[in-house]
Every structure is written in C-alpha cells, then in structure tokens.
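# Notes for the structure review
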Amino acid sequence: MRKGALGATASSSAIWLLLQQHMEMGIFPFPPNFPSFLLFNHHHITTSACTEKPSLPQKYCGFGSNTSNDISIDDALTSFYRMVRMDPRPSVVEFGKFLGSIAKKKQYSSAVSLCNQMDLFGVTHNVYSLNVLINCLCRLSHVDFAVSVMGKMFKLGIQPDAITFNTLINGLCNEGKIKEAVGLFNEMVWSGHEPNVISYNTVINGLCKNGNTIMAVRVFRKMEQNRGKPNVVTYNTIIDSLCKERLVNEAVEFLSEMVDRGIPPDVVTYNTILHGFCSLGQLNEATRLFKEMVGRNVMPDTVTFNILVDGLCKEGMVSEARCVSETMTEKGAEPNAYTYNALMDGYCLHNQMDEAIKVLGIMIGKGCAPNLSSYNILINGYCKSKRMNEAKRLLSEMSEKNLTPDTVTYSTLMQGLCQVGRPREALNLFKEMCSSGLLPDLMAYSILLDGFCKHGHLDEALKLLKEMHERRIKPNIILYTILIRGMFIAGKLEVAKELFSKLSADGIRPDIWTYNVMIKGLLKEGLSDEAYEFFRKMEDDGFLPDSCSYNVIIQGFLQNQDSSTAIQLIDEMVGKRFSADSSTFQMLLDLESHDEIISRFMRGSSQHTKMND
C-alpha cells in the first residue's frame, strides 16, 4: 500500500499516516501466526475510496440494516473508513451491526480484516462485534484463533454469552475437535451460562457426525435431566445417527417418544426412518411407516417417494416402484432425476434393458434432463448384459447432450469390454479417457490388467504396470494379486512367485485373496507341498483360512490325487464350521467309485451330513 493511497486529505492525514505505518511495519493485534490472507488483503483502499465522499444510500452506507445485501464490498470498505473519520464516531453498536452485515454477505475474511482495523483505530468492541469475529474465524476454519478471541473478551472485561459459546462449540465440531467442544460445553455450564436448545443440539450434532451416537444419546438424556426442552431438530439428529448405524428400531422408539411429548415429527423425521427401513430391506415396515406419516398429516415430499422407489427397486419390486412414481404428481410431489435413475437402475439390475430405456424416454418426455448418473446406470446395465455396442452408443450420445463422461463411465465400459474378451478395445477407451483430461486411477488400471491377464496378454499387462510406476501411481494388493493370478494362468510360475516375494519389499501386505490365488496356482502346477506350506503360512502371517481357502486347497489335493491329505483338510474344515462348496462335493462324488479312501469317507454318514451343513 503506497503513501499516495493513504495520505488523502489534510484533515485526516494523521489517522491515515498511522494506518500506513502500522500496515507497513506489520503491527497487528493478532498473534504472529495469524493467517496473513485475513489481514486486510484487499485492494479496495484507493485514493478515491478514501477521499471521495460518495452519496451513500443510508446512514453508514446502509450496512446497519437488513437491506445491505445489494451493497458491494467496495462500498462496505468505503463506508467503514468514513465511519472511523466521523466526529463523533458512531457507537460500538453501529460498528457491530456493520460487521454483522458484512458477515451475512459471507465476506468473512473482510469482516476479520475490519475487526483488526477497529483495534488499530481504537474502536472499542462489545460482545456482539467479537461474536461476529468468532463466527467469521470459525467459518474460515480457524477455530483456534476464534477460541483466542474469547480469551480476549475476558481481558477486555466482556462477558461471553450463549451465542459466543454456541458459535465456538459449533466451530470445534465442524473441525472434528469433539473433545474440545464437549470441554467448552462443560465450561459454559460451570461458568454459569445455562445451555439452551441450540447449545445441546450443536454438541449432539457434532457427536453424531463423528459417529459417537452413544455419547450423543447421553447428552440428550442429560438435557432432559437439566429440564432442557428438546425440539424436532434434536430428535431428528439422534434418529438420523441411529439409522446410519442401522439401529432403526431404536430410531422408531425415539419417534414414539417425541410423539408422546407432543413434539410433531416432520417430513425429515419420517424420511430418515423410511430410508433406514429400506436400507435394511424391510419394505413392510417402510410401508407401515409411510401410512402412519400420511395419517398424521405429514405430507410426503419428493425425497419420501424417491426413498420408497429406490427401496422397492433394490428389492426387485420394480413394477411396484413404478406405480409409486406414477402417483407422485397427484400427491403433490414431482419426480426428478433421482426418481427416474432409481427406476432405471432397478430394471438394469434385473437385465430388463428395454424397460430401462423406456424410462429414459419418459424422463426426457417429462422435461427432466438425464444426468451423468442416468447414463452411467444404463451403460452399466448394458455391460452386465454383454450388449457392448449399445453401451458404446450411449457413450457417444453423452457427448451429443454435452454430458462429460467421468472415470466411472470409462471404467464400467472397460470392464464390460474385458469381460467379453475385447481388452484391446478397452485399452483404446483407456487412452481416450486419458486424452480427455481424466486421470486414470487404480480401479481403471486394475480392470485393464485383469482383462489382459485373463486373456493371456501378459506383455501389455506388464507395460501397464510400468506406466503406473511412471505416473507414480502405487499399485495396491488387489492389483498385484491380479498380476500373480495372470502369471499362473499363463504358466509363468517363477514370475508369480517373484511378484509375491516382491510385496514385502514394496511395503504391501498380502491379504487372504492373495494367499488363495498362490495356493491355487501352486496346486495347479502340482506343487502340493509348497501349496500346503503357503496354507499354513497364512495363519503365521495373521490370516485365518476361510471357507474359500479350504475348498481351494482340498480341490487341489483331490486333483493331485492326494486323497489322504484332502480328507484331513476336510475334517479340519468341518471342525471350523466351514462347508464344502458344490465343486468340492462334486469332485468327491466323482472319485467315490474308484478311490477307496474317498469311498470310506463318503460312507461315514455323520461326516457326510456335517460336510454339507
């Protein structure tokens, strides 16, 4: 900031000189590590801003009123400097209203900067102006500095009020500092400030957002003990958190409790529990609750119907879902993109692609534009149906409708092409994705590697692995397991073993799927002893063999004609309450007629029964 910009008039030269000196010397009343971008980082102070006397629409440029939303921040700064030059100056109340109006315009950094200037010009603060400052700092994710402002309050002899505490508690919760938020809440009580419903709701919401529903319920009960009066927001917060933890029956109990207390549930209450029931597949309970909702004169909205449509579709009741969607308009709710997408997804899940496309036509006919999710759903449906030409046609149609495909679009198509044996086409799509500016992720590479490995194109797979390293994308265990399995499929035993050995050097820990792939591959090569060692090594490495592990190794030993070891492993599997799968059992039946060991085992009726439980 230059001298010419601040030394504007003779009458105010002293005050502007002081401001200039402070600004140039870096003297600010905030801590030295205070974010510099908040310290008057505006370009708005110009000679014209300081010297001209514009015709302001209302007193102090109208910022003390509710009509300030039409005022620009330039006008706000002009008005502020005019206020500090007035003799006598406006009261601290007017300065507080002024700052509050700027904060309402979401000009948080500007409000913080002007609070700083108030200190420089010796304008006193009151609890309102400092609350504005605290709120702005919290909105800017600088809650630690907001807490220090409360310390400043005490030094100035200004007593924090409920708004001070509530704002800080909310700021701490938003930054995930729940322990500090609860501590401040307790401090509020100890200092004689009675928490109000906003105080309790803020703490309860913070606890719920961080997954601590049990503690949130305790605070809720404490609120009741202290004669606090929970409102619909309090209950909705608890109910939402319970439903997210799949404790829908407990959520229903809270619903009953609020009804008994005369607190009317709203559409949010019912939507939350409806979604909880639908997520659990409990459509009968969801239907019952919907009827109860209507019976209590709580009008369902579009969200309500969307929850029901989506829930019915996921349970395979697509026809019923369509009926629900068709009654929405007469119930005062309009279907939206989510409604139609849910229906299309329902038809796609049941391989009814022609019906899904009809829904797309209805959607467009009703004036509802398909979005990216609409096309991703349909493309996925066509890929699962192995109708790849239709899926690729939809990709072309997206560009015609100015919809930009994302990594999900391309990954879905690549996976579909790989599954029908067209990995090279998938690679072309991969290149198209990269050229469009989308960065490939691990999922995209994994799909391509799996496709190339399954179809014996190992050179291309290894090239992709090299390209990943060049892009500094670190392979994970899923990708390495795909490669190991591909090497076994191609008969490259040593390469597969080398890749497994390389895992620890790359800091990657194998998982149970990796061990199962290694065991199956070694058995396929006739290396029963090595496979058995790997099987036992799993437990040493902290992985307990699962049902798949046992079935894989048992089938391998049966194929390698080691019936004795296979039977021992079956006994061990049954003892751990795992069952033989259909492939294992069929192999035993096939061997029963000409393998004496298997024949004796199969005649043991008690073992036979246990094995197939």
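In case you missed it, the structure is sitting above this.
All of the points below concern the structure found in this document. Counting restarts for each chain: residues are numbered from 1 in the order of the written sequence. The predicted origin of the model limits local features to residues at a pLDDT of at least 70 and limits the giving and counting of side-chain atom pairs to 80 or more, whereas totals for whole chains, interfaces and linings rest on all residues. Note that water and hydrogens are dropped before the side-chain values are worked out from all heavy atoms of the structure.

### Regarding the overall build of the protein chain
- Helices and strands together make up the secondary structure of the protein chain, namely 35 helices and zero strands.
- With a 1.4 Å probe rolled over the protein chains alone, any residue whose accessible area is under 20% of its type maximum counts as buried; one over 50% counts as exposed, and the rest are partly exposed. Across the 613 residues in the protein chain, those meeting the buried criterion constitute 48%.
- Considering only contacts in the protein chain between residues 6 or more positions apart, those separated by 24 or more positions represent 60%.
- Using a 1.4 Å probe, accessible areas were evaluated by the Shrake-Rupley method; residue-level cover was limited to the displayed protein chains. For the protein chain, the exposed area adds up to about 30,400 Å²; of that, 52% sits on carbon and sulfur atoms. Helix numbering and strand numbering both begin at the N terminus, where a helix is a DSSP run of H or I of at least 4 residues and a strand a DSSP run of E of at least 2. Here, residues are in contact when the closest pair of their heavy atoms is within 4.5 Å.

### Points about the nonpolar core
- In this description, a nonpolar core means a group of buried Ala, Val, Leu, Ile, Met, Phe, Trp, Tyr and Cys residues linked to one another through side-chain atoms lying within 4.5 Å. Ranked by size, the top nonpolar core spans 178 residues in total, and within it I169, I273, M414, F430 and I519 carry the most contacts.
- Broken down by element, the residue count for this core peaks at eight residues, all from helix α27 (residues 477-489).
- Those residues in contact with I169, other than ones at most four positions away along the chain, are A181, L184, F185, M188, T202 and V203.

### Quick look at the packing of helix α29 (residues 512-524) against helix α31 (residues 547-559)
- Each axis is a line fitted through C-alpha atoms, and for a helix only the stretch in contact is used; angles between axes span 0 to 180 degrees, taken between their N-to-C directions. Their axes nearest at 9 Å, the elements α29 and α31 cross at an angle of 5°. Considering the angle they form, α29 stands roughly parallel to α31. Counting all contacts with α29, which are made through I512, N516, I519, K520 and L523, the residues of α31 involved are C548, S549, V552, I553, G556 and F557.
- Looking at the contact of α29 with α31 residue by residue, the classes come out as seven nonpolar, three polar and one charged. Reported orientations rely on four angle classes, namely roughly parallel under 35 degrees, roughly antiparallel over 145, roughly perpendicular from 65 to 115, and oblique for the rest. Residue polarity is assigned by list, with Asp, Glu, Lys and Arg as charged and Ala, Val, Leu, Ile, Met, Phe, Trp, Tyr, Cys and Pro as nonpolar; anything else, Gly included, falls into the polar class.

### Things to note about the layout of surface pockets
- Only protein atoms enter the calculation, which uses a 1 Å grid: trapped sets of points that fit a 1.4 Å probe without letting it out are cavities, open sets showing protein on both sides within 12 Å along at least five of seven lines are pockets, and any residue with an atom within 4 Å of a point is a lining residue. Grid points are joined across faces, edges and corners, and a volume is the space filled by probe spheres set on the points. Estimated volume of the largest pocket: approximately 440 Å³.
- Around the largest pocket sit 18 residues that line it, and N131, N135, R139, I163 and T167 are the ones nearest its centre.
- Mapped onto the lining of the largest pocket, the elements with two or more residues apiece are α5 (92-104), α7 (127-139), α9 (162-174) and α11 (197-209).
- Grouping the amino acids of the lining of the largest pocket by side-chain chemistry returns six nonpolar, nine polar and three charged.

### Quick word on the packing of aromatic side chains
- Here a Phe, Tyr or Trp ring, Trp counted by its six-membered ring, pairs with any other such ring whose centre lies within 6.5 Å, and the pair is stacked when the planes are under 30 degrees apart, edge-to-face when over 60, and tilted otherwise. Evaluation of the coordinates by the stated rule reveals 15 aromatic pairs.
- Here the aromatic residues F500, Y515, F534 and F543 are joined through ring pairs into a cluster of three or more.

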